[in-house]
Amino acid sequence: MSKVRIFSQSIPNLPWQPRPENDRHDAPVWRYSENPVIGRNPLPGVARIFNSAAAPWGDGFIAVFRGEQINGIPHVYMGKSPDGIHWEIDPEKVPFTDETGKPFLPPYAYDPRLVKVEDTYYIMWCQDFYGASIGMAMTRDFRTFTRLENPFIPFNRNAVLFPRKVNGNYLLLSRPSDSGHTPFGDIWLSQSPDMKFWGMHRHVMSPGRNWWESVKIGSGAAPIETSEGWLLFYHGVSSTCNGFVYSFGAAVLDLDEPSRVKYRCENFLLTPEEWYEERGFVPNVCFPCAALADADTGRIAIYYGAADTYLGLAFTEIDPLMDYIRAHSVVSENDTEPGLR
Ligand code: BMA
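Residues numbered from 1 in each chain as written. Predicted model: local features only at pLDDT ≥ 70, side-chain atom pairs only at ≥ 80, totals over all residues. Heavy atoms only, no water.

1. Side note on the packing of aromatic side chains
Within the structure shown, the criterion is met by 21 aromatic pairs. On the basis of an interplanar angle of 80° and a centroid distance of 5.6 Å, the ring pair of W57 and Y121 is categorised as edge-to-face. Pair noted here: W57 is in strand β2 (residues 46-57) and Y121 is in strand β8 (residues 120-128), with a separation of 64 residues, a long-range link. Owing to a relative accessible area of 25%, W57 belongs among the partly exposed residues under this scheme. The rings of W57, F96, Y121, W125, F142 and F145 are connected pair by pair, giving a single aromatic cluster. (Phe/Tyr/Trp six-rings, centres within 6.5 Å; stacked < 30°, edge-to-face > 60°. Helix = DSSP H or I, 4+ residues; strand = E, 2+ residues; numbered from the N terminus. Buried < 20%, exposed > 50% of the residue type's maximum accessible area, 1.4 Å probe, protein only.)

2. Focus on the site of the ligand
In the region of the ligand, the neighbouring residues are N51, R66, Y110, D111, R157, H181, K216, Y246, V282, V285, F287 and D308. In this structure, an oxygen atom belonging to the ligand sits 2.9 Å away from a side-chain N or O atom of N51. With respect to the ligand, the side chain of R66 contributes an N or O atom lying 2.7 Å from an oxygen atom. Bound to the protein, the ligand loses 92% of the 300 Å² it would expose on its own. Looking at the shell around the ligand residue by residue, the class counts come to 5 nonpolar, 2 polar and 5 charged. (Near = heavy atom within 4 Å. Polar contact = N/O pair within 3.5 Å; in protein donor to acceptor, adjacent residues only side chain to side chain. Areas by Shrake-Rupley, 256 points an atom, 1.4 Å probe, with all protein chains shown as cover. Nonpolar A, V, L, I, M, F, W, Y, C, P; charged D, E, K, R; others polar.)

3. Things to note about the sheet that holds strand β21 (residues 299-306)
Overall, antiparallel pairing links the 4 strands, which are arranged β1-β22-β21-β20 in an open sheet. Both outer strands of the open sheet, β1 (30-31) and β20 (286-293), are each paired with one neighbouring strand and no more. In the sheet, β1 pairs with strand β22 (residues 310-317) via 2 bridges, with the strands oriented antiparallel. Within β22, the residue paired with W30 across the bridge is F315. Seen against the sheet, helix α2 (residues 318-327) touches β21 and β22 and runs at an angle of roughly 85° to β22. (Pairing = 2+ DSSP bridges. Contact = heavy atoms within 4.5 Å. Axes fitted to C-alpha atoms, helices over the stretch in contact; angles between N-to-C directions.)

Dropping the structure here:
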């Protein structure tokens, strides 16, 4: 049992590999040795699968994938796995419908997240809503997928729900932006009593201070509830003479008032350095979309997209990770304030 408690379900079959003994990385996060777990041309008509999210389902796992079709347009696909590593992926797009059951597919959809809240699974993605914005759908059986109202007007991306209500409201993190490959971006928190009307917006954190996340940041995996606060893995972008570099880091948000950042790690946890992260459709991208935590062992498996081409897995453990985040935490007033002006 870990010192820091994780308040989520037990996942005894969580994908796992211990940290290699000769690991020289500073942060206690390491890659799965058999990465990437999904390679190129995974399905007929789909050239690449990357930024994707998994969840426990039955005795195994289920996932929603960003599949880039051979016409270049991304859509959401679904797959199942006995071990969270080897996936059987449905070659058809996820058949989203409206509330009457009529097909209601977004023109494009990318970077899906998957979060179970109470007895329902929610999928969030980025889609066209007269501009890039957030799409949402719910399912209980992974056979019917009912679209919900788009929570926000454009432009917005990187939305992810908290796995439970806080103070009576559902919580959604997102990253308001502009119409292009935004040269800015802060993480915001929005609240809803019913998953339909979203408001009470709070600023959570901005990019800026640390060079690896100086251009923009965006929430990645659904926050994990721990005795120290909500553990959030998020991506941070730096700008180089050769383009953007996407790494990921972590912050811990206050349990009752999650717009307040308690700890924010000044170092990245993982940055592109393997061939599948440095080489691909967009080089130098590590983009986390899900992190599964086993409450019994404190083990965490992180699913991340690599180079907009592959799906990778990385691992960590809550105690050394929380020690590392605390030891390297630098928070500004902009982080710790409630985020309301
Ligand atoms: C972001 C998103 C991600 C992508 C990243 C790197 O703006 O579009 O889907 O992984 O750029 O290309």
